[in-house]
Every structure is written in structure tokens, then in C-alpha cells.
Amino acid sequence: MINLKRLVPGVVSVYFLTGCFGGGGGSGNSESVVEGDRVTNPSTYHAKVRRTEYGIPHIEADSFAGMGYAYGYLQAEDNLCLLAEDTLTLRGLRARYLGAEGRYTIPANGADTSNLNADFFWRSVATDQAIAPFKTSSDPEVLEASAGYVAGYNRYLREVRQGEHPGRHRACRNADWLLPLTEDDMYRRYFRLAVLASSSVFVDGIASAAPPATLDSEALSADELLAQLSTLQDSEGDLPFPLSRELPIGSNMYGISREASRSGESILFGNPHFPWEKTERLYLAHLKVGEDTEIMGAALYGLPAVLIGFNEHFAWSHTVSTAYRFSFYELTLNPVDPTQYLYEGEFVDMESRDITVEFLREDGTVGEETRTLYRSHYGPMLNFEVSGVPVLQWSSAKAYTLRDANAENDRLLNQFFRWNQAQSYEEFVELHQSVLGVPWVNTVATGPGKPAYYGDVTVVPNVPDDKVRACATPLTPVFGQLAPGLPILDGSRGDCGWDTDADAPAPGILGPGNLPTLERTDWVHNCNDSYWLTNPEAPLTGYPAIVGDEETARTLRTRKCIQQVQRRLEGSDGLGGSTGFDLDNLQQVVLDSGVLSEELARQTVLSTYCQLPTAVGSSGPVAVSDACAVLAQWDGRHNLESVGGHIWREFWRRLDRLPVESPIKWLTPFDPANPVQTPAQLNVADPLVESAFADAVQAMTEAGVAMDATTGEVQRSGIHADTIPVFGGESFEGAFTIASSRPVDLADGYRVTYGNSYIQSVTWDEAGNPVAEGFITYSQSTDPASPYYQDMTEAYSAKRWIRFPFTEKAIRSNPGLVQYRLNGLR
């Protein structure tokens, strides 16, 4: 039982210490020794834990094992049910406990399937064989922290099972699926994070792939596929391939160095746009291990390290990269056996595996389903459909398989643990390239008095453009339309395998010499477009298409990202004072909630459509006068008090479906010589544009949404029972400050479940200490009974920046300081 004892006014102190218990990765009970404010156990784990306001944990330990132990305990305390469900998922037990037809979603990549298919998928890919390299290749610090996390998590779970922590975790505390964690569960979680932007996008396709029932099964030809897909494009805009549109996950980040800083001191801004639900939430912690390791920042749930953070030496952040992490292979099959494929002139057997999944019936009984799933030597077999069109279909003649570079990325954990231990900005940059374990994100970093660094030094299949052409298949033109840059290669030829660079740490991937980096003394950025315009003064070019696109139109959000810096350096953004950034004006800029589409097109709409009482929608004339009157007074932002921005958002939501390169959408087309300002001049003469505007107004009327509603009235947190208004807009309309709702029900308002998540703004004081402020926008805990369930969300709603205590003085003087002691061993 944890006891709270108030020792001094304003400070609640409880000391949390360590112990050992059976079944949680420990080695049995042993005695603890009290040493001042610390309890140590010479044979197991020990740590000192303090929480400051908003539930921010500060963990001090002599070893990574002790740090992991405390981290596991605290994450269980804050998020037990969410972590327990994820463990159930990765073991392939969702159908057994939650029913076969229940839904499983991965909000971060858009996957949505049944519990049954999820179980078959994870049992087929997250196997003991798959996770073994993640264990055997990891540094000792990774192994120790992971084992400690298991022990700490299981200690808290055991306390709950014994009736402690009453009122907490009501959603799961008595559930039969609240299972103890094992070390293998940790490595399955790491594996899941690795393949988030690759294999796990195709849960259904891998879980259900099977050879044809007859030997005369035919697939659609490339021409037939293109014809069917073109109808989807006509009705929906971009083709709906899972990775061809901007995913809900994204990010913004800036690295500001001396030439762009008011004081000459470097500044780092990081802001991932991640789901507010499930385990791709981020958790803020301050970790100190021994005398040499101290780091503060955020990590995805279940990973006892810092993935985005800072210390006295450097700060860094990430954004989701445009590079693909996999390639498809087309297999030519044996005409009499569709489970054999041609490779180097001979037919080769696919590897088969029978998997049996239990499922819970409605009457409480348990049934079973067995499937035989197959793999080639490249990876799992799969089918793939786009809106019902079978693009990758296992026929009598052809089948398709996937090779995933991140399923082979056994350096992932070492990358972040070594970064957490780095002693300088220079070491950080060197490790980025020498380890090359970052799975799917760009990196920006800087440090006190240091340059601003950018790198898309990530795990990318080594498939140069000439290999894509030499190894083309009949479906290559199809993927040229669906997902430009994603290779589909001839799997019958050995020379179509991935190349290996001399400087790559593993076979089959691009080495750092063939990946984009940039270091400057003014600024760098990334807002989810490719590396090309990291700084418009120094475009990065010459990289394979699998890494990203060059000299193509940027998203409105990227253009706003760049323009915000340019205007600040020009002094044209209205903020006053000298040019350049400091922490205060940077914070104003990044939470400004303006949208670029409004700057580009609102006046044009007001001077055309709004000069008439009606506009022509898809179902006929629509009265627009009231909407136009509101838009004329709108401040162009999505702040809580802004009136009418929802009208513009719904207009742009419908307009966004038109391809950006469409000559009918913009009168001034994209110009690679002027990429930040083009395309421009909305073509209001286009009837599709007018229809988008009229339909948006009609949708608002039918949903009963007031035209003059404020953002704060129509947009709020989608994960909290209390009404917490949320500012911000959507990426598609050119917002930098992101508040995203999926799905959208206008009658119920915008329920924010994606968007700004962890926010950090970091600089350094004259003594070299980091000065950091930010938020976990959805708060630290998913348990409604926790004091840390919505407190940071309320601060974020008020734009009340939270100082992250880093120094000992700041921690000790924090008014919300709480310390933990665990009384006795289990």
C-alpha cells in the first residue's frame, strides 16, 4: 500500500522503493535496506521517484534496471488498462477475451480490423523468431531496463489484484485479461513500434492471405486495375492507398540556431501529432541513471527511455518521414501449386504455419479457428484491396509478398538508449548515423551554442531508382499512381533483392551517405513533407524516390511551417520587437492556430461567392449569406474565441479532395522555383470549388451548427468526459496547430482524438541548464480516477505553458512535489 505523508507545507512526500516478487522478472523475495530517503535492495531494483505538478515523474536510479523498475510501476499506475490491452493484443489473445468480431484499430496508421484478424496477424509476425534479434542485439542497458520495467509493472498489477489502490482502473481491475507482463511482451511491443509504418498497415491482408481454391483463378490486369482505381480517384480525390494520404500521425519541428535566435542561443521546438488514444500516446518523464545519464522527455507507452527530449547537452525531436520502409515483391507461381514460387530458375516452397486462435462466443463458450498462413523468403504473403478493388491478389499465376526493413531493425532500442546516454550534441549526431536504428521518423537536433541539424537517417530499403525500373512488374504503373516511390519488384530474380551500402550497419538498407542530412547556423524544419525544403535556401536533392519526393508541391502545413520562420526573421509577423526567435515568441507562433488556406483564399471567396445570396452546391442552390457574414468577421484562426472557423474548415475539407496539382483548383500552378508561395490563387470559377463551399454551408445547416459558433463551442477533447475546449485546426486546411477529429460528426461537434500531443520548447540559460516548457496535451494518465487524467489538458486548453523541472532546485521547489516509498516487500 502506498502511504502519503505531508512532511513540509506544500510538499507531499512518499518514498517509493524497490522490491522483488515472484512472476515479474525478479528472483524471489529478499530484504530491503532503508538508507535515508531511499530503500535499496542489493539483489534487485532500487530507485528514487518524485512527481512534480501534472504527474511528471523524476526517476533516479543507480542502474538501468532500477530506472526501468520505477518506470514500469509508474506507467502501470497511470495507464494500467491501456497497457494491459496492448499486451493482450500482441499475444494474439483479443478474440479469446474480447470476442472475435470486436474491433481492433491502430489509430496511428489507420489499420482497422476484427479482433480475430488482429490475433492471426500478430501471431504470424511477432513470433519468437521475429523478436529474438531485438533481444540478442540490444545493449545491456536495454535488457536491464526492459527486465526492470516488467518487474515494476507486475508489482503494481499485483497490488491492484490484492485490492490496493481502491477506485483506480475500474475498466480492467477485475478483468480476466489483466495479465502479468513478461520480458517477451516488451520485445513484442518494441517490434510493434518498429513496424508501425510498414507491416502493421496491412493487418487484414496478411491475416487473411491464402492460396486460391482453384488453379484457374485470375487476377485483374494492370489496365483493369487502373481503370477501376480511376473511378475512385474521380469521386474521392487522391487514391486511397493507406500510405498515400497524410496519416493522422504527423509532427512539426524546428531547430533554431544562432543566426535565427534573438539571443544567439539555440532553440528546439518539437510537436508530434499523435493519437490521443491507444499506446501511441506519449508519456513525459525525467530519467537519471548513475552519474552520467540524465535525460527528460517523452516516449511511447511501454518503452522505458526518452524518444523525444533534452538535457544540458542537446535537444531533439522527430516527425514522421516520407520514406517507405518496405517493398512488395511479385511472385511467379508454379501453375500446379500456388504455394511454390519461381526464384532463380527453380520453384521454391513457401513456408507455411498453422495458427489456431481461440475466440469467445456470445454465450461465454470458447471456440477455435485455424488458418494456414504463408511466408516467402522475403516475408509474409498478403492480399491488398483499395476500396474493394483487389490490387494485390493471390491468383493461380501470381502472388505478392512484403519485405519489411524495420522487422529486421534490431538496432532500434540501441539508438535511443545510446542517445539517452550521449554526452554532447556532436555525439548525438554521430550516433544518428553510426547506429542507424531510427525506424520511421526525421530528426532535428541542436544544443547550447550548436548548429541546427536535420537528418532523415532512417531504416530505408536500398532500392535505387534504376533497380525499380530494371525489376519492374506489370503492377509498377499501378503503384506509380497509388503510392509514388513505393517499389513493387520482380521476386523471381536474385538481382532484384535489396542492395547494401558499404556504410550501412546492416544488409539491405541505405547507408547514411545516401540519406539526407543538413546542418546550418540559422534554422531547419520538418513538417512531414520530404527532406527537400528542410531549409529553402539549401534544397536537398538527388535521393532515391523511396526516400521522398523532390521539386513537388508541399502541403499547406509545410508551407505555413516555412513561412512562419521567414516572417519572424523578416519581422513581418506582427509580433513586434527585434527579429528572430526567443522562447516566448516561438510559443506564440506555434499555438497561433492560424490556417494558410484562409490567407490564400478567404478574400477571394468573400469577393465572389459572398456577393450573391446563394451558391450552387451538389444538390442545388444553397443560401450562403449568413455564413458569409460570419466569415467576413472571422479572425482567420481556430483559437477558442474565434468565430466561424468551422465554416472554412468544412469548405476546405471538401475542396481538399481535389488533387493539389489540378489546374482547375489553382490559377497559379506549383512552381519548383517558388515552392513556398505556390500554388496560389484559388480558382473560384471552377464549379467544383463553388460546390465545395455551398455543400459546407449546407452541411452546417443540416447538422444544426450555428454559423457564429466559436471554436471553443464546437471543438473539445474527445477522450475526456468533462468538456475541455481545444483550439487548433486540421493539417489539410493549412493549420500548424493541429486538433484533429476522426471521424467527424458535425451534429456532435469536433471531438479531438489526434493532433498536438507532446509539445516541447527548449533553450538553455547562461549556466547551460535546459529551460523547457510544453505539454502532454491529453495528460499523463488514461485512468479517470487519476489526478493526472486531465490536468495538463486543461492547462493546454488555456495555453498555460508548463515549465518542465530539470534541475534539482526546480524539482525541490515545485509546489506539487510528491515522493514515493513502498512499505514492505511482496
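The numbers attached to residues start from 1 for each chain and follow its sequence in the written order. Restriction of local features to residues with pLDDT of at least 70 applies here, the model being predicted, together with a cutoff of 80 or more for giving and counting side-chain atom pairs; totals for whole chains, interfaces and linings are based on all residues. Excluded from the side-chain calculations are hydrogens and water; all other atoms, namely the structure's heavy atoms, are used.

1. Comments concerning the overall build of the protein
The criterion, for reference: Numbering goes from the N terminus for both helices and strands, where a helix is a DSSP run of H or I of at least four residues and a strand is a run of E of at least two. In this description the radius of gyration comes from C-alpha coordinates, and the expected globular size is given by 2.2 Å times residues to the power 0.38. Burial status follows relative accessibility: with a 1.4 Å probe on protein chains alone, a residue under 20% of its type maximum counts as buried, one over 50% as exposed, and anything between as partly exposed. Residue contacts are counted whenever heavy atoms from the two residues lie within 4.5 Å of one another.
Secondary structure assignment for the protein yields 21 helices and 39 strands. Its C-alpha atoms give the protein a radius of gyration of 27 Å, near enough to 28 Å, the size a compact globule of 826 residues would have. Dimensions of the protein, computed from the C-alpha atoms along their principal axes, are close to 80 × 75 × 60 Å. Taken across its 826 residues, the protein has 62% of its residues classed as buried. Look at the contacts in the protein between residues 6 or more apart in sequence, and 69% of them connect residues 24 or more apart.

2. A look at the state of the cysteines
Rule in force here: Cysteine sulfur atoms are paired as a disulfide whenever they come within 2.5 Å of each other.
Using the criterion set out here, one finds four disulfides in the structure. Here Cys527 engages in a disulfide with Cys561; their sulfurs sit 1.9 Å apart. Between Cys527 and Cys561, the S-S torsion sits near -105°, and that sign places the bridge as left-handed. Here Cys527 is found in the loop between β27 (523-526) and α13 (556-570), whereas its partner Cys561 is found in helix α13, with 34 residues between them in sequence. Per residue, the accessibility class of Cys527 equals that of Cys561, and both read buried. Residue Cys610 pairs covalently with Cys628 via a disulfide, S to S 2.0 Å. Judged by the sign of its S-S torsion, about -75°, the cystine formed by Cys610 and Cys628 is left-handed. With Cys610 in the loop between α15 (596-607) and β28 (614-617) and Cys628 in helix α16 (residues 625-633), the pair connects residues that are 18 residues apart, well separated along the chain. When its relative accessible area of 18% is taken as the criterion, Cys610 is described as buried. Ordinal numbering of bonded cysteines along the protein defines a disulfide pattern of 1-2, 3-4, 5-6, 7-8.

3. Concerning the sheet that holds strand β10 (residues 267-273)
Keep this limit in mind: Pairing between strands is defined by DSSP: at least two bridges between the two strands are required.
Ordered by their spatial adjacency, six strands build an open sheet running β27-β9-β10-β36-β37-β38, and the pairing between neighbours is antiparallel. Edge positions in the sheet fall to β27 and β38 (802-803), since each has one partner strand and no second. As paired strands, strand β9 (residues 250-256) and β27 are joined by four bridges and run antiparallel to one another. Bridge assignment links Met253 to a residue of β27, and that residue is Asn526.

4. Quick look at the pairing of strand β17 (residues 346-349)
Summarising the sheet, strand β16 (residues 337-343) and β17 pair through four bridges and their orientation is antiparallel. Considered in β17, the bridge of Leu342 is made with Phe347. The turn joining β16 and β17, which pair antiparallel and follow one another in sequence, is formed by two residues; a positive phi near 55° is taken by Glu344.

5. With respect to the confidence of the model for the protein
Keep this limit in mind: Think of pLDDT as the predictor's per-residue confidence, scored from 0 to 100.
This prediction gives the protein a mean pLDDT of 92; 91% of its residues lie at or above 70. The weakest mean pLDDT in the protein belongs to strand β1 (residues 5-8) at 30; the strongest belongs to strand β24 (residues 452-455) at 99. This model gives residues 1-42 a pLDDT under 50, and the stretch forms 124 contacts once residues within four places in sequence are excluded. Confidence over residues 233-239 falls short of pLDDT 50; this stretch has 16 contacts with residues more than four positions distant or in other chains.

6. Re the pattern of salt bridges
Inclusion rule: Whenever Lys or Arg places a side-chain nitrogen within 4 Å of a carboxyl oxygen from Asp or Glu, that contact is recorded as a salt bridge.
Tallied over the full model, the rule gives 39 salt bridges. The salt bridge partner of Arg192 is Glu280, with a shortest N-O separation of 2.5 Å. Linking Arg192 in helix α6 (residues 183-194) with Glu280 in the loop between β10 and β11 (282-289), this pair joins segments that are 88 residues apart in sequence. An identical accessibility class is assigned to Arg192 and Glu280; each is buried.

7. A closer look at the layout of surface pockets
Applied cut-off: Cavities and pockets are found on a 1 Å grid laid over the protein atoms alone: a cavity is a set of points where a 1.4 Å probe fits but cannot escape, a pocket is an open set with protein on both sides within 12 Å along at least five of seven lines, and a lining residue has an atom within 4 Å of such a point. Grid points are joined across faces, edges and corners, and a volume is the space filled by probe spheres set on the points. Nonpolar residues are Ala, Val, Leu, Ile, Met, Phe, Trp, Tyr, Cys and Pro. Charged residues are Asp, Glu, Lys and Arg, and all others, Gly as well, are polar.
Estimated volume of the second largest pocket: approximately 650 Å³. Residue lining of the second largest pocket: 28 residues in total, with Val125, Thr127, Ala130, Arg375 and Gly379 positioned closest to the centre. Contributions of two or more residues to the lining of the second largest pocket are made by α3 (115-125), α4 (128-136), β18 (351-360), β19 (366-375) and β22 (398-404). The element best represented in the lining of the second largest pocket is β18, accounting for four residues. Classifying every residue of the lining of the second largest pocket by side-chain character gives 14 nonpolar, eight polar and six charged.

8. A few points about the environment of Gly205
As for its position among the elements, Gly205 is in helix α7 (residues 203-207). Placed 170 residues apart in sequence, Gly205 and Arg375 show a C-alpha to C-alpha distance of 13 Å.

9. Here we look at α15
The condition is simple: Here the arc refers to the set of directions running from the helix axis out to each C-beta atom.
Every buried residue belonging to α15 is among Leu596, Ser597, Glu598, Ala601, Arg602, Val605 and Leu606, and all of these are buried. Taken down its axis, α15 places every buried residue within 140° of arc, on the same side. Taken together, the buried residues of α15 touch α13, α16, α17 (645-655), β31 (680-682) and α18 (687-703).

10. Description of the packing of α13 against α15
Counted only if it meets this: The convention used is that axes are lines fitted to C-alpha atoms, helices contributing only their stretch in contact, and that angles between N-to-C directions extend from 0 to 180 degrees. Throughout, the term roughly parallel applies to angles under 35 degrees, roughly antiparallel to angles over 145, roughly perpendicular to angles from 65 to 115, and oblique to all others.
Close contact between α13 and α15 brings their axes to 8 Å; oriented N to C, the two are set at 95°. As the angle between them shows, α13 and α15 are arranged roughly perpendicular. Where α13 approaches α15, its residues Leu556, Arg559, Lys560, Gln563 and Arg567 are matched on the opposing element by Leu596, Ser597, Glu599 and Leu600. The residue inventory of the contact of α13 with α15, partitioned by class, reads three nonpolar, two polar and four charged.

11. Looking at the nonpolar core
The line we're drawing: Joining through side-chain atoms within 4.5 Å is the link that ties buried Ala, Val, Leu, Ile, Met, Phe, Trp, Tyr and Cys residues into a set, and such a set is a nonpolar core.
Of all hydrophobic cores here, the largest spans 214 residues; its most connected members are Trp122 and Phe328. Val595, Cys610, Phe651 and Trp652 belong to the second-largest nonpolar core, a separate cluster that totals 41 residues.

12. A word on unusual backbone geometry
Excluding glycine, a negative phi dihedral is what most residues carry, and trans is how most peptide bonds are arranged. Put simply, Thr678 and Pro679 share a cis peptide bond, and its omega is 0°. Assignment of secondary structure puts Pro679 in the loop between β30 (666-668) and β31. Note that the residue after Arg742, namely Pro743, is joined by a cis bond; omega there is -10°. By the element assignment, Pro743 lies in the loop between β33 (739-740) and β34 (750-752).

13. So, the environment of Glu808
Defined as follows: Pairs of N or O atoms within 3.5 Å make up the polar contacts considered here, provided that, within protein, one atom can donate a hydrogen while the other can accept it, and that residues adjacent in sequence are counted only when both atoms are side-chain atoms.
Here Glu808 is to be found in helix α21 (residues 808-812). The residues touching Glu808, leaving out its near neighbours within four places in the chain, are Arg50 and Glu60. Reaching out from Glu808, the side chain makes a polar contact with the side chain of Arg50 at a distance of 2.8 Å.

14. What about the side chain of Glu60?
Relative to the elements of secondary structure, Glu60 occurs in strand β6 (residues 56-61). In this structure Glu60 comes out as buried when scored by relative accessible area, which is 18%. A polar atom in the side chain of Glu60 sits 2.7 Å from the side chain of Arg50.

15. As for the environment of Ala323
Within the secondary structure, Ala323 sits in the loop between β14 (315-320) and β15 (326-334). With 138 residues separating them in the primary sequence, Ala323 and Pro461 have C-alpha atoms 9.2 Å apart. If near-sequence neighbours (up to four positions away) are discounted, Ala323 is found in contact with Asp456, Val460, Ile546 and Val547.

16. Some remarks on α18
The α-helix winds at 3.6 residues per turn, so residues separated by three or four positions along the chain end up facing the same way. Which entries qualify depends on this criterion: Under the convention used throughout, the expected extent of a helix is 1.5 Å for every residue step, that is, one less than its residue count.
For α18, spanning 17 residues, the distance from its first C-alpha to its last is 24 Å, which sits close to the expected 24 Å at 1.5 Å a residue. Within the sequence span of α18, burial applies to Val689, Ser691, Ala692, Phe693, Ala694, Ala696, Val697, Ala699 and Met700. For α18, the side-chain oxygen to backbone nitrogen distance between the N-cap and Leu688 is 3.1 Å, and the N-cap itself is Asp686. Immediately beyond the C-terminal end of α18, within one or two residues, lies Gly704, with a positive phi of roughly 75°.

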